[in-house]
Each structure stands twice: as C-alpha cells, then as structure tokens.
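Now for the letters of each chain:
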Amino acid sequence: MMIPGVDGFMYPNEVELQWSILIVLYPYITGLVAGAFILASLERVFKVEAVRPTYRLALLTALAFLLVAPLPLQLHLGHPERSFEMYLTPHTSSAMAMFGFVYLWYLTVVLLLEIWLDYRADIVHMSKTTTGVTRLVYKVLTLGSDNVSEAARRVDDKVGYVITVIGIPSAFMLHGYVGFIFGSVKANPWWSTPLMPVVFLFSAMVSGIAAVLVLYMAAMKVKRLPIDMRCVDTIAKYLFYTFVIDFTLEMLDLIHRTYEADESFRSLDFMVHTRLWASHVLLQIGAGTVVPLLLLAATQLRRFAPGARKAIYSITSCLILVGIFAMRWNVVIGGQLFSKSFLGYTSYKMGLVTREGLLPAVALMLLPFAIFFVLIKLLPPWQHSEANAAD
Amino acid sequence: MEMNRRDLFRIGGKLLVLASAGATLEQIMGSEPAPEAYKMADHWWGMIVDIDKCIGCGSCVRACSNENQVPNGYFRTWVERYEVPEGYVNPIVTSPEGAINGFPLPKPTNFKAFFVPKLCNHCADSPCTQVCPVGATFVSPDGVVLVDKEYCLGCRYCVQACPYGCRYLHPETETVDKCTLCYHRITKGLTTACCENCPTQARQLVDFKNPKDPVHEFLRTHKVSVLKPQMATEAKVYYNNLDGAVR
Amino acid sequence: MRSTFRDAAHLLRPAALLLIGLAVFLVVRAAVIPKGFGKYGHYRAPFLETARSKPIHYAGQDACVACHDEEAKMRAAGKHAKVACEACHGPQAQHADDPTSLKPKLPDVATLCARCHEKDPAKPRTFPQVVTAEHNAGAACNDCHKPHNPHLD
C-alpha cells in the first residue's frame, strides 16, 4: 500500500515525474544564451566600451549554447522523430509551440547574422590566407562575397547595430517565454505566477553574464594573456545590478506567496522545508544568491587588489552558475514533487545512464563547451580584443 | 457569443503565427458531412457522479483497465477514500493502486468518510488541450478530450497542465494517454465500461445535448459541483454532494 | 547611390539564404501536413475514426440477458438486479459474440463479494455490508447466498 518515495497522498498518475533533469537543462541553457547575448549587446547598443573585449566571446558563447538548447528537449520527447510537427501544425494557443519559431528566428536572424557581420572581415581574410579544407570552410562562410571595403564594413556595422537592437527583445522573448511555459500553468501553484517570465529573464541575464565572465577569465589564463581589469570590473558591476534586481524579484515572489498564503501554501511551505531544503534554501538562496551577492557588494564598496578581485569574480561567477542551476532545478523538479491535491509528496528518481538520466545530462552540459572550443578555433575572438586593448 | 480571454488569445496567436504559412487544402475546401449514422454534432458528453452511492468497490477501475488495456500502475479512472477528521486541515486520503481491487483493509474510524471516483473531467475549456504544441490532444466535436497517439510527441506538457492528474505517459507507446470516455463505446450506443459496471449507478454517462437525458432532471433537483471549480475549466463531470474537503 | 548598393550587396546573400530556407519550409510543410488536419479543429480529424474503431471488451448486460434467461430472471428478482453481469464475470464480449469460443471462468467468490460488501464506514450507510471475517465464519458466501439473487429469508 505504501509507495516507495511517496509521503501522503498523490493522485496515482502523479507519482512518476514527467519532466526530468533534461528539462532542467533546457531553461538553464537558454538562459545562458539570452544572458550572454544581452551582455554582448551592452557594448553594441548601450556603448559600454569597457566590456568590448568580451563582445565576440559573448556572442560565441551564446551561439555554442543555443546550438545545444533544443537537444535536451529533443531527447526528452517520447517521439523525437515527430518534433517537426511543431513546425507543421503549431498550436497557436500553446506556449511550447512557439519554441521552434522563436528558436529559429533567434538563431538565424539574430545570432548567426550578427556573428557573420562582425566576423566578415576576418572570414574574408582567412579565406585568402589559409589553405586546403580550412580555406574551403572560410570560403563557404564568406557566402561568396569578399567585399570588405571600408564602406562595406560601415554598412555591416550599421546593420549589425539594427540586428542587435532587434536581438535584445528577441533574447528577452527567447527566455521570457520559457518562463511563460511554466508561469502559465494554472494547475501548478508552484509555477503559476506572472512573475515567472520576469524572474527567468533576470536570472538568465545573471547566469549568462557570470558565464561569460568566467569564460573570459579562463580563456585569458589559458592563452596567457592579461585580463583587462576595467572590463571585468564593469561586467561585475552589471552582474551585481542585475543580480540585485533578480534577487528582489525572487524575494517579492516569496514574500507574496507567504503573505497571501493561499490554498497551496502549506503544502509548498512544507516541501521547501523538507524535500527542497538542500537545493532551494541552502544551494539556491544561500550559496547561490546571498553569498555571491555579498561578495559582489563588497567589491563595489571596497577596492580590492586586482588579484583578489579576480579571485572574487571567479568564485562568485561559479557560485552563481551553480545557484541558477539550482533555481531551474527547484522550479522544474520542485514543481512536480508535490501533489496537485496538496496532500502528498513524491520524489524524483534520477536515472544514471537512461535516456533522461544523469549521464546524458552531463554530456549535454559539456557539449556547448566542445562547440565553443571549435568556434573559437574557427572564429578566434582574440585579435579583435587584442587590437582593441592595444589602442 | 461573447468573446472570452481564450478566444482573444487564439485569434491573436493565429494572426501572429504564420498567417503566411497558409491554410491547408482541407481547411479551404470545407468539410463534407460524415457518412456514418453517429452524428457528433448531436452529442455533448459528460458524466454525473453521485458520491452518496459509491461503495468503493473499484469495479469501474477494473472495467476501465480491461476495456482500455490501461498499463499497470497508471489510471484513467480511480477511486479515492476520504476521511475528514473534524478540525484537521487535511483530510486523510487513500487510493491503493487506484482502488483497482477496492479498499481491502479499511481502518474503522469515527471520521466522516466517503469515496470519490475520479476520471478525466472532459473539460470544455481544457487546459491540457490548450498547451499541446501540435494539436495531438483536443476536444472532439462531441465534447470528449482525446489524445491522437499517432501524432503525440510525448512532451507531457498536457500532463503538467491537467489540474486533476488524469493524464500519464503510456510506457509502451511513449505518448500521453488518458480517459477517452470510452469513445469507441459511446459512439456505438453503449455506455462507458465504468458506468456499465458500476453496481450502484454512482456514475452515469450523460449527453447534455439529448433533451431526454435524465441529466437535466438530475441537475435541476440536486446540488452539484465540479472538482476544483476555481480552475474554471468548464469540467463536464458533475459530482453530487461533493464535500468541500475533496481536491 | 550605386556604390552604396555595391557595398551593401553582400547582405543580399544571407537574405537570399533565409528566403530560400523559408520557401523550402513552406513547400515542405504544404506537402507533408497530415490529411484531414483542421477539419473540425486543430487536430487530425481521421483520428476520431481510429478512436471509434477500438475493440469492445464489455458486451453489456443486455447482451448476456439475451441468452442467459435463467440467471437474468434470477437476478432481476433480487437485489443484484442492477449489478451488471460483467461486474462479477469480467469482460465477456468475445464470449457473447461466440459462446463456444470462450467459456468464461467463474468468479472467485471469496474476493468478489467482499470487494462490494466488506464493511467500511465510507460506504453509504444504507448499503448492505458485513464484516466478512465475522459474518460467515469461513464458509463461502455462495454456500448460503445465491450470487444472482442473494436474498435469504
């Protein structure tokens, strides 16, 4: 009569979780994309010159993660071979049906185009200086045009600007809508809040900025190049601001829930104090939010030595990346641990090498880094930044 | 007809998404009437469940399981046993294996106790069909919520969207499965397997579009409710004498 | 003017790529969209036919009554009048279609009767119920009660 892992009463079909760790990865990865892109657009649209060294790096990070973003979804489907139906007969009332279109729009019209325009001079140059297969690849990438005259580059720059301007709302849409997928499920009180898209958006920006920050510092270390302190300081400042907003929103959600204390409150409160205690309170709020916020605040209030700042930035960024992952986990998995009858709790049994298990999840999380590696080999972001640092 | 929020959303979405992609040929040609005798337009199916009559024997669960080959451990219908202690916040609810073998070991208590059979509410404004990305689950013209198992992706968004826990992923087909209100029976003039086998007529299939259906008299003379009315799903399974503790 | 065009001409290439992609998508979509999709709503109309054509497993008591006169009469005379034959006998559509093909196994009385009649405070108070462990002291229910008309006097 007792079902293992279940306390209290679950509707019988609720015992098994429907959305696994793969669905945790999906908002995490798209969040990194959106965040990295918004950081890149800081330089372009808001003219924050200091973050220029990370501009290309941020774009490539966004692309690497964006290419992987649909894979966890695909792997999670019962019938991946049918996923093209989303394009054939998209259901206009379904938030999920929009994914395919938002994704394609963002990939082709925004990200690829912006990267292409920015790298065109380099691509044309490489297509003339390299040999063999590499040369062929670059030739293809030029799309058959080698006009990189001063005037042409000016046109590129203008168009690139417009695309970035379009790109910002697109990035907001890409991730805000992921939040909407959860926030619009009225059956689930843990998800159903209009704040969800906004919280997702800001946490996305936080995670994306943190990711670019560590990637930049790590890349510089590997390349034995000096870290541009003005750049990382500026990024850290923006990281701090967005994080404060994100934290405020999350606390607003928490306080609102606690104060309103609707029919679901007791059940959710109990869940947070038991099954979600480690991942929600300790990891997400404690280690993933309060600690990095305090560290960042300290760097804003006091001037530490560059070495200390670098250390603090790396630690906070890593904590943030873990914390935001915990946040996605708590939303996706947490939202399925309690019964919609508010009378019981189930537990998530993660497989190891099953299709939706830990191993594929880890592999999917490593894949963007592999892609990133190939991308920076193909389209090195450095010359640009070095040239920039020189002047 | 007045325009509700969802209509607005639908129209907005339609304009937005691929108005350009164009209508399919069928949409343009219009539909020719179906040749068979059963006319979908003449029916609007639902059910009434009389809590006062349910004896918790699980005949409905077994019947459903046999009729529809419901996989083990999943349920298109199930029966819950409620005990509502006075002054307690939460009722004590059990449903051992969905009550497929009834309730073998009842604990005698002095609490108010009763059984609640559950099944898909075949909502007219169903949140599950709303979220399906491809149109694999839908409300049929005669008011039955179905899943097209040859079209379902298995994304399970609908499972999340159902407030009543009525959907599951079929472990073999890997598509979502749920109560069909025995669509293969009711369209042939039979009642559902669960209603056929209910020994006390605690559950009765009803057709709201049939003026002679006893449901009209029943709804006129009984105080009924639907599950989770705050979800505003226009559920079509009405419960007689539903206790406020039921969720 | 000319030169502006020349210097922007390379932009036509990605634009053309995008347009070709879009055109291919629209053509493919029109070609492979399922038959009957959208006839009644946003779904494949032919699936309704598929859903209707599933096999039936419970024939319904009207079918049983047509052949099993004796049991039917007995049942109609007692309190089990409204209890469907197949609620006790299980799904018998195949048997009803061709009685010789499948002879139904008779139900196991011990579990059968208790499922409905075991005492439980959650049952409606008017429903006849017994604590089976005390009621018959181990004898089979159908030693005394006839399943099709359980009334004793």
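Model, not experiment: these values are computed from the prediction.

A short note on helix H7 (residues 150-183) of chain A
Between its first and last C-alpha atoms H7 of chain A spans 48 Å; for 34 residues at 1.5 Å apiece the expected length is 50 Å, and the two agree. The largest bend in H7 of chain A amounts to roughly 25° and is located at Gly167 of chain A, with the proline Pro169 of chain A lying one to four residues further along.

Here's the deal with helix H9 (residues 229-260) of chain A
The end-to-end C-alpha separation of H9 of chain A is 46 Å, in line with the 46 Å expected for 32 residues at 1.5 Å each. Looking one or two residues past H9 of chain A, Ala261 of chain A carries a phi angle of roughly 40°, positive in sign.

Considering a nonpolar patch on the surface
Side chains of Met350, Leu352, Val353, Leu358, Leu359, Val362, Leu366 and Phe369 of chain A sit close together on the surface and give an oily, nonpolar patch of about 740 Å² of accessible area. Mapped onto the elements, Val353 of chain A comes out in the loop between strand E2 (344-345) and helix H14 (358-378).

Comments concerning the pairing of strand E2 (residues 77-84) of chain B
All names here are of chain B. Counting buried positions along E2 gives eight out of eight residues, so the element sits mostly inside the fold. Alternating positions in E2 separate into two faces, Thr77, Val79, Arg81 and Glu83 on one and Trp78, Glu80, Tyr82 and Val84 on the other, with burial throughout. Summarising the sheet, E2 and strand E4 (residues 112-119) pair through eight bridges and their orientation is antiparallel. Across the sheet, Val79 pairs through a bridge with Pro117, a residue of E4. Of the strand pairs in this sheet, E2 and strand E3 (residues 92-94) are connected by three bridges, and their pairing is antiparallel. Its bridge partner being in E3, Glu83 is matched across the sheet by Ile92.

Quick look at the packing of helix H10 (residues 265-273) of chain A against helix H11 (residues 277-301) of chain A
How two helices sit against one another is set out by the angle between their axes and by the gap between those axes. All names here are of chain A. Between H10 and H11, whose axes approach to 6 Å, the crossing angle comes to 70°. As summarised for this structure, H10 and H11 are arranged roughly perpendicular, according to the angle between their axes. Residue-level contacts link Met271, Val272 and His273 of H10 to Trp277, His280 and Val281 of H11. Its residues placed into classes, the contact of H10 with H11 shows four nonpolar, two polar and no charged.

What about the sheet that holds strand E1 (residues 45-50) of chain B?
All names here are of chain B. Read across the sheet, four strands follow the order E9-E1-E11-E10 without closing on themselves; strand pairing throughout is mixed. Here the strands that pair on one side only, and so sit at the sheet edges, are strand E9 (203-207) and strand E10 (224-225). Pairing analysis gives five bridges linking E1 to E9, with the strands arranged antiparallel. Of the residues in E9, the one forming a bridge with Trp45 is Asp207.

What about the packing of aromatic side chains?
Under the defined criterion, the tally for this structure stands at 27 aromatic pairs over all chains. On the basis of an interplanar angle of 90° and a centroid distance of 5.9 Å, the ring pair of Phe9 of chain A and Tyr11 of chain A is categorised as edge-to-face. Residue Phe9 of chain A shares its accessibility class with Tyr11 of chain A, and that shared class is buried. Centroid distance Tyr87 of chain A to Phe101 of chain A: 5.4 Å. Interplanar angle 80°. Geometry classified as edge-to-face. Residue Tyr87 of chain A is found in helix H4 (residues 85-88), and its partner Phe101 of chain A is found in helix H5 (residues 98-129); the two are separated by 14 residues along the sequence. Here the aromatic residues Trp19, Phe182, Trp191 and Phe200 of chain A together with Tyr157 of chain B are joined through ring pairs into a cluster of three or more. When the ring centre of Phe200 of chain A is taken as origin, the NZ or CZ atom of Arg328 of chain A, which lies over that ring, is 4.8 Å away.

Points about the interface of chain A and chain C
Of the residues lining the interface, 22 residues belong to chain A; the matching set on chain C comes to 16 residues. For the chain A and chain C pair, buried surface summed over both sides reaches about 1,500 Å², with 73% attributable to carbon and sulfur atoms. Counting across the chain A and chain C interface gives zero salt bridges. Among the elements that line the side of chain A that touches chain C, the one with the most residues is H5 of chain A, at seven residues. Broken down by class, the residue content of the side of chain A that touches chain C amounts to 13 nonpolar, seven polar and two charged.

Observations concerning the side chain of His76 of chain A
Here His76 of chain A shows up in helix H3 (residues 70-76). Residue classification places His76 of chain A among the buried residues on the basis of a relative accessible area of 2%. There is a polar contact of 3.4 Å between the side chain of His76 of chain A and the backbone oxygen of Gln18 of chain A. With residues up to four places along the chain from it excluded, the contact list for His76 of chain A reads Gln18, Trp19, Ser20, Leu22, Ile23, Arg355 and Glu356 of chain A together with Gly154, Cys155 and Arg156 of chain B.

Regarding the side chain of Arg156 of chain B
Locating Arg156 of chain B in the fold gives a position in the loop between strand E6 (145-147) and helix H5 (157-161). By relative accessible area, which is 5% here, Arg156 of chain B ends up buried. Among the polar contacts listed, one links the side chain of Arg156 of chain B to the backbone oxygen of His76 of chain A, at a separation of 2.8 Å. With near-sequence residues (within four places) excluded, Arg156 of chain B lies in contact with Gln18, Trp19, His76, Gly78 and Glu356 of chain A together with Leu169 and Val176 of chain B.

Side note on the interface of chain B and chain A
The interface is formed by 58 residues belonging to chain B together with 44 residues belonging to chain A. Surface buried jointly by chain B and chain A totals about 4,200 Å² across both partners, of which 57% is contributed by carbon and sulfur atoms. Considering only the surface of chain B that becomes buried against chain A, Leu153, Tyr157 and Gln160 of chain B emerge as the three largest contributors, covering 18% of it. For Arg355 of chain A, the salt bridge goes to Glu174 of chain B, with nearest N and O atoms at 3.6 Å.

A few points about the pairing of E1 of chain B
Residues and elements named next belong to chain B. Most of E1 is tucked away: six of the six residues are buried. The side-chain alternation of E1 yields two buried faces, one formed by Trp45, Met47 and Val49 and the other by Gly46, Ile48 and Asp50. Pairing of E1 with strand E11 (residues 237-240), which is carried by four bridges, proceeds in the parallel orientation. Bridge pairing links Ile48 to Tyr238 in E11.

Describing the domain arrangement of chain C
Residues and elements named next belong to chain C. The assigned domain composition of chain C is domain 1 (2-53), domain 2 (56-104) and domain 3 (106-147). With centres defined by C-alpha atoms, the gap from domain 2 to domain 3 works out at 21 Å. In this complex, domain 2 contributes six residues to the contact, which on the side of domain 3 involves six residues. Taken together, the two surfaces of domain 2 and domain 3 that pack against each other cover about 440 Å², and 60% of this comes from carbon and sulfur. In terms of surface lost to domain 3, no three residues of domain 2 exceed Met74, His80 and Cys88, which account for 66% of the buried area on that side.

Reading guide: rules and limits
Residues numbered from 1 in each chain as written. Chains lettered and ligands numbered in written order. Predicted model: local features only at pLDDT ≥ 70, side-chain atom pairs only at ≥ 80, totals over all residues. Heavy atoms only, no water. Helix = DSSP H or I, 4+ residues; strand = E, 2+ residues; numbered from the N terminus. Expected span 1.5 Å × (residues − 1). Bend = angle between axes of the 7 residues up to and from the residue. Patch = residues over 30% accessible without salt bridge, like charges linked within 9 Å, V, L, I, M, F, W, Y side chains within 5 Å. Areas by Shrake-Rupley, 256 points an atom, 1.4 Å probe, with all protein chains shown as cover. Salt bridge = Lys/Arg side-chain N within 4 Å of Asp/Glu carboxyl O. Buried < 20%, exposed > 50% of the residue type's maximum accessible area, 1.4 Å probe, protein only. Pairing = 2+ DSSP bridges. Axes fitted to C-alpha atoms, helices over the stretch in contact; angles between N-to-C directions. Parallel < 35°, antiparallel > 145°, perpendicular 65-115°, else oblique. Contact = heavy atoms within 4.5 Å. Nonpolar A, V, L, I, M, F, W, Y, C, P; charged D, E, K, R; others polar. Phe/Tyr/Trp six-rings, centres within 6.5 Å; stacked < 30°, edge-to-face > 60°. Lys NZ or Arg CZ within 6 Å of the ring centre and 35° of its normal. Buried area = accessible area lost by both parts, 1.4 Å probe. Polar contact = N/O pair within 3.5 Å; in protein donor to acceptor, adjacent residues only side chain to side chain. Domains from an automatic or database assignment.

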